[in-house]
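# Coordinate inspection notes
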Amino acid sequence: MARAANTTNEEKSVDAPVRRSGRGRTPSGKPNPIDVHVGARVRLRRTLLGMSQEKLGEAIGLTFQQVQKYERGANRIGASRLFDLSRVLDVPVSFFYDDMSDDVSQQSPRMMVAGFDEPITPFEADPMTKRETLELVRAYYRITDPQVRKRVFELAKALANASDGVVEAAK
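What counts, and at which threshold
- As a convention, each chain's residues are numbered from 1 in the sequence order in which they are written.
- Owing to the predicted nature of the model, reporting of local features is limited to residues with pLDDT of at least 70; listing and counting of side-chain atom pairs is limited to 80 or more, with chain, interface and lining totals taken over all residues.
- To get the side-chain values, take all heavy atoms of the structure and skip hydrogens and water.
- Nonpolar cores were defined as sets of buried Ala, Val, Leu, Ile, Met, Phe, Trp, Tyr and Cys residues, with membership established by side-chain atoms within 4.5 Å.
- Only protein chains enter the area calculation, which uses a 1.4 Å probe; residues under 20% of their type maximum are buried, those over 50% are exposed, and those in between are partly exposed.
- Starting at the N terminus, helices and strands are each numbered in turn, a helix being any DSSP run of H or I of at least four residues and a strand any DSSP run of E of at least two.
- By definition, residues are in contact when any of their heavy atoms lie within 4.5 Å.
- Each residue carries a pLDDT score, the predictor's own confidence in it, on a scale running from 0 to 100.
- When two rings of Phe, Tyr or Trp (its six-membered ring) have centres within 6.5 Å they constitute a pair, described as stacked for plane angles under 30 degrees, edge-to-face for angles over 60, and tilted for the intermediate range.
- A ring is considered to have a charge above it if a Lys NZ or an Arg CZ atom is located within 6 Å of its centre and within 35 degrees of its normal.

## Observations concerning the nonpolar core
- One finds Val38, Val42, Leu56, Ile77, Leu85, Leu89 and Phe96 to be the most contacted residues of the largest nonpolar core, which totals 18 residues.
- Among the secondary structure elements, those contributing two or more residues to this core are α3 (33-48), α4 (53-60), α5 (64-72) and α6 (79-88).
- For this core, the element with the most residues is α3, which contributes 4 residues.
- Residue contacts for Ile77: discarding those within four places in its chain leaves Val38, Val42, Tyr70, Leu82 and Leu85.

What follows is the structure, encoded as structure tokens:
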């Protein structure tokens, strides 16, 4: 018994199975893209509510640094914590998984442990989580006149359609 407790790391590595990832991380050690997506959705909802990381942390019994780690995907969010976040942020738990791309969902820890050797594509940030998008949405909803807001909306759609035409013409 005492011998097993004193084995060296070298001896352990001979008998130990190859570990593909730790705690849901990718084989390279980076946070799992699903955890990054869920964290980005926490950040999206928090910022749409105009809530600071500190206020969110206080509401669920965490420090703002822990909230930061959740939002970056550096720390995984457990089921009970996700439930608490859904209550404080006033969204269903499913909100945190909404708009997840197929590429991201294919990178679950289950898929990695199952022995899939497909290369992992880098996670691209959802444009809905960018600060520019959030500021635009906030500014849009600060327009009090419904007619003006509707005209701004129509203008944005027209500009997007015009941009699509320019891209198509360039091809």
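Moving on from the model shown.
## Digging into the confidence of the model for the protein chain
- Here the protein chain shows a mean pLDDT of 78. Residues at 70 or above account for 70%.
- Overall, residues 1-21 carries pLDDT values under 50, and its contacts beyond four positions in sequence, including any with other chains, amount to 9 contacts.

## So, the packing of aromatic side chains
- In total, this model carries 2 aromatic pairs according to the counting rule given.
- On the basis of an interplanar angle of 80° and a centroid distance of 5.6 Å, the ring pair of Phe95 and Phe96 is categorised as edge-to-face.
- Relative accessible area serves as the criterion here: at 14%, Phe95 is assigned to the buried category.
- Ring centres of Tyr140 and Tyr141 lie 5.0 Å apart, and the angle between their planes is 85°; on these two criteria the pair is classed as edge-to-face.
- The positively charged end of Arg41 is found above the aromatic ring belonging to Phe95, 4.1 Å away from the centroid.
- We note Arg149 situated over the ring of Tyr140; from NZ or CZ to the ring centre the distance is 6.0 Å.

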